[in-house]
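# Commentary on secondary and tertiary structure
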Amino acid sequence: GQNIDQPTEMTATEGAIVQINCTYQTSGFNGLFWYQQHAGEAPTFLSYNVLDGLEEKGRFSSFLSRSKGYSYLLLKELQMKDSASYLCAVAAGRALTFGSGTRLQVQP
Amino acid sequence: DAGVIQSPRHEVTEMGQEVTLRCKPISGHNSLFWYRQTMMRGLELLIYFNNNVPIDDSGMPEDRFSAKMPNASFSTLKIQPSEPRDSAVYFCASSTPPSNQETQYFGPGTRLLVL
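All figures in this text were calculated on a predicted structure; none of them were measured in a lab. (Residues numbered from 1 in each chain as written. Chains lettered and ligands numbered in written order. Predicted model: local features only at pLDDT ≥ 70, side-chain atom pairs only at ≥ 80, totals over all residues. Heavy atoms only, no water.)

## Some remarks on the overall build of chain A
Within chain A one finds zero helices and 11 strands. Listing the helices and strands of chain A from first to last along the sequence gives β-β-β-β-β-β-β-β-β-β-β. Relative to its length of 108 residues, chain A is compact, with a C-alpha radius of gyration of 13 Å against a globular reference of 13 Å. Counting only C-alpha atoms, chain A reaches 40 × 30 × 20 Å along its principal axes. Every one of the 108 residues in chain A was classed for burial, and the buried ones make up 48%. The contacts in chain A between residues at least 6 apart in sequence include a share of 55% that link residues at least 24 apart. With the model as given, the accessible surface of chain A reaches about 5100 Å², and the carbon-plus-sulfur share is 48%. (Helix = DSSP H or I, 4+ residues; strand = E, 2+ residues; numbered from the N terminus. Rg over C-alpha atoms; globule rule 2.2 N^0.38 Å. Buried < 20%, exposed > 50% of the residue type's maximum accessible area, 1.4 Å probe, protein only. Contact = heavy atoms within 4.5 Å. Areas by Shrake-Rupley, 256 points an atom, 1.4 Å probe, with all protein chains shown as cover.)

Pasting the structure below:
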């Protein structure tokens, strides 16, 4: 089975840096995804990690430690438009199991 | 590319009625996934197809739910009879495996309300 944990809510200030953590316990592992979902919209792909280490993509970075079952999403230079839910998802085979999501509120 | 297309975008129906949700995956994608999202349970995988063949339907709640993929460009998710607890947003996603990374692209979703 799969178990994925992430904080329910976070608040941060515009221009700051925020780190959203995700821990997982899975029976198989083909990679870890982060998706962004604005209210009332579909999830959109942000990042993918399959090997340990940091993947950087513009203002967003994602880190993975397979031995610890741990990942984080790092958002730099926060903008108001970054207010959204961030979903951690683990791939086992071709199926994704999603965490419940972290709702990030960016304040002025 | 138009992305994943879903219809209808919104559906309001009465308990006991049949509901059919439709999905057109991105052209060239060979995998299609149906998800359901609720506040209580988050985003859950219901079923997925690979090359039009159902691979894993363990997430389908019960026999009232059925899904088909008659060809590479069309899939349906049917609920018969519908119940109020089926109210949720239903997402369809498609993917194709480029090398060793398989990214799923989501459609806009169908917001279903069963009264």
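## Observations regarding the packing of aromatic side chains
Counted by the stated rule, this structure contains 16 aromatic pairs over all chains. Judged by centre distance (6.4 Å) and plane angle (25°), the rings of B:Phe33 and B:Tyr35 are stacked. Neither B:Phe33 nor B:Tyr35 differs from the other in exposure class; each is buried. Aromatic ring contacts, followed pair by pair, group A:Phe33, A:Tyr35, A:Phe45, A:Tyr48, A:Phe98, B:Phe33, B:Tyr35, B:Tyr48, B:Phe91 and B:Phe106 into a single cluster. (Phe/Tyr/Trp six-rings, centres within 6.5 Å; stacked < 30°, edge-to-face > 60°.)

## Notes on the environment of A:Leu54
Residue and element names in this part refer to chain A. Structurally, Leu 54 can be placed in strand β6 (residues 53-57). Accessibility expressed as a relative area gives 42% for Leu 54, which makes it partly exposed. Spatially, the C-alpha atom of Leu 54 lies 9.3 Å from that of Tyr 72, the residues being 18 residues apart in sequence. Those residues in contact with Leu 54 that lie beyond four places of it in its chain are Ser 61, Ser 62, Phe 63 and Tyr 72.

## Here we look at the sheet that holds strand β7 (residues 65-71) of chain B
All names here are of chain B. Here we have four strands laid out as an open sheet, ordered β1-β3-β8-β7, and antiparallel in their pairing. Only two strands of the sheet have a single neighbouring strand rather than two, namely β1 (5-7) and β7. In this sheet, adjacent strand axes meet at a mean angle of 15° when their direction is disregarded. For β1 and strand β3 (residues 19-24), the ladder comprises three bridges, and the chain directions are antiparallel. (Pairing = 2+ DSSP bridges. Axes fitted to C-alpha atoms, helices over the stretch in contact; angles between N-to-C directions.)

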